[in-house]
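# Descriptive analysis of the structure
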Amino acid sequence: MSRRGKYLWFVLDDGTAERALVAHLGMSGQLLLIDPADVPERVRMNHVRVTFDLTGSRDLSEARQLWFVDQRTFGGLFVDDLVDDGAGGAVPMSICHIARDPLDPLFDEARFVRELRKRESGIKRALLDQSLISGVGNIYADEALWRSRLHFDRSCSRLSRSVVTGLLEAVRDVMVEALAEGGTSFDDLYVNVNGESGYFDRSLHAYGRAGDPCDRCGRTMVRESFMNRSSFRCPNCQRRPRSLETGT
DNA sequence: AGTCGATCCTGCAGGC
DNA sequence: TGCCTGCAGGATCGAC
């Protein structure tokens, strides 16, 4: 199995290895290893979209299956042609625009810093742009911004090289810590392939903490609407950029 | 070309 | 009790 950002794929063994089965979990998608004779109670059958027989066995008591389960159907499965990724590997054609994630040894840090600083948009929009950097979603973006003391609407083009580098380091720290704790689970929708929850939600400093004191300075954290979703920040540590302030 | 807001979906929580 | 509204958010699309 291979991965690029939030996409993962299985090369189809048809003798040519030119095509892959690509999956994206979206918001609520799950890939689960299931014994069909013993389906966990939490799996809602009306959310089961695709099942794969992994053994080929006709004996259901021995069968292990890979299930693609998705409540909100933001995820998906599709077959795609593989193309050269420019580094001796292959990547599905439809996701070749997705950048590598910052933990990937081949992540091009210089390119990320250069391209980000050309953007006229706010910094959080850039962090969520998978063609610049992949693997960062709303939660990890908020966490990295909190650690870097940056407001989500700070203009990319006005950030110094060192600030961007520091932010990238914060993104990496968040990802490494989240992985070590098994990811972020709020409920049964967020589990690994064996149905197990992660514990990173207990380590969040920003996301979902509106009304709570900032872990750094004690000021009350706030929630704001951003890109039709939520942004959480400390109004003291992560000041609104002057150019966006109203009034004086 | 770059930027931005709207949109898709379902289940659940909260208000009245 | 039950209806209604808002919210969760990755990625894409059309508008400007």
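Residues numbered from 1 in each chain as written. Chains lettered and ligands numbered in written order. Predicted model: local features only at pLDDT ≥ 70, side-chain atom pairs only at ≥ 80, totals over all residues. Heavy atoms only, no water.

## Structural notes on the environment of Leu179
Take Leu179: it is sitting in helix H4 (residues 161–180). A residue is classified by how much of its surface remains accessible, and Leu179, at 62% relative accessible area, is exposed. Taking the C-alpha atoms as reference, Leu179 lies 8.1 Å from Phe200; in sequence the two are 21 residues apart. (Helix = DSSP H or I, 4+ residues; strand = E, 2+ residues; numbered from the N terminus. Buried < 20%, exposed > 50% of the residue type's maximum accessible area, 1.4 Å probe, protein only.)

## Side note on the protein's contact with DNA strand C
Taken together, the neighbourhood of DNA strand C is formed by 14 residues, with His24, Phe74, Tyr207, Arg229 and Ser230 sitting nearest. Arg72 is positioned with one of its side-chain polar atoms (N or O) 3.0 Å from a base nitrogen of DNA strand C. With respect to DNA strand C, the side chain of Arg223 contributes an N or O atom lying 3.2 Å from a phosphate oxygen. Looking at the surface near DNA strand C, its residues break down into four nonpolar, six polar and four charged. (Near = heavy atom within 4 Å. Polar contact = N/O pair within 3.5 Å; in protein donor to acceptor, adjacent residues only side chain to side chain. Nonpolar A, V, L, I, M, F, W, Y, C, P; charged D, E, K, R; others polar.)

## Details of helix H1 (residues 109–116)
Because the α-helix completes a turn every 3.6 residues, residues three or four places apart line up on one side. Among the residues making up H1, those that are buried are Phe112, Val113 and Leu116. Buried residues of H1 fall within an arc of 95 degrees about the axis and therefore sit on the same side. (Arc of directions from axis to C-beta.)

## What about the pattern of salt bridges?
Counted according to the given criterion, the structure contains 14 salt bridges. In this structure, Arg100 engages Asp104 in a salt bridge whose closest nitrogen and oxygen atoms are separated by 3.1 Å. As far as burial versus exposure is concerned, Arg100 and Asp104 are alike and both buried. Between Arg172 and Glu109 there is a salt bridge, with its nearest N and O atoms 3.2 Å apart. Of this pair, Arg172 sits in helix H4 while Glu109 sits in helix H1, and the two are 63 residues apart along the sequence. The class for Arg172 is buried, based on a relative accessible area of 15%. Judged by its relative accessible area of 29%, Glu109 is partly exposed. Bridged by salt links that share partners, the residues Asp85, Arg100 and Asp104 form one connected network. (Salt bridge = Lys/Arg side-chain N within 4 Å of Asp/Glu carboxyl O.)

## What to know about the pairing of strand S4 (residues 29–34)
Burial of S4 is extensive: five of the six residues sit out of reach of the surface. Two elements, S4 and strand S6 (residues 65–70), share six bridges in a ladder whose sense is antiparallel. Bridge assignment links Gln30 to a residue of S6, and that residue is Val69. (Pairing = 2+ DSSP bridges.)

## Describing the domain arrangement of chain A
Domain boundaries assigned for chain A yield domain 1 (2–95) and domain 2 (109–244). Here the C-alpha centroids of domain 1 and domain 2 sit 28 Å apart. For the domain 1 face of the interface with domain 2, the top three residues by lost area are Lys6, Gln30 and Arg42, together amounting to 45%. At the junction of domain 1 with domain 2, the criterion picks out zero salt bridges. If you tally residues by element for the side of domain 1 that touches domain 2, the top one is S4, at four residues. (Domains from an automatic or database assignment. Buried area = accessible area lost by both parts, 1.4 Å probe.)

## Topic: the packing of aromatic side chains
To describe a pair of aromatic rings, one takes the distance between the centres and the angle between the planes. Applying the stated criterion to the full structure yields three aromatic pairs. With a centroid separation of 5.8 Å and 50 degrees between ring planes, the pair formed by Phe107 and Phe112 is classed as tilted. Since its relative accessible area comes to 10%, Phe107 is described here as buried. Phe112 gets classed as buried once you look at its relative accessible area, which sits at 1%. Taking the centre distance of 5.2 Å and the plane angle of 70 degrees together, the rings of Tyr207 and Phe232 count as edge-to-face. Remark: Phe232 occurs in strand S10 (residues 229–233) and Tyr207 occurs in the loop between H4 and strand S9 (222–226); sequence separation between them is 25 residues. Residue Tyr207 is classed as partly exposed on the basis of its relative accessible area of 23%. (Phe/Tyr/Trp six-rings, centres within 6.5 Å; stacked < 30°, edge-to-face > 60°.)

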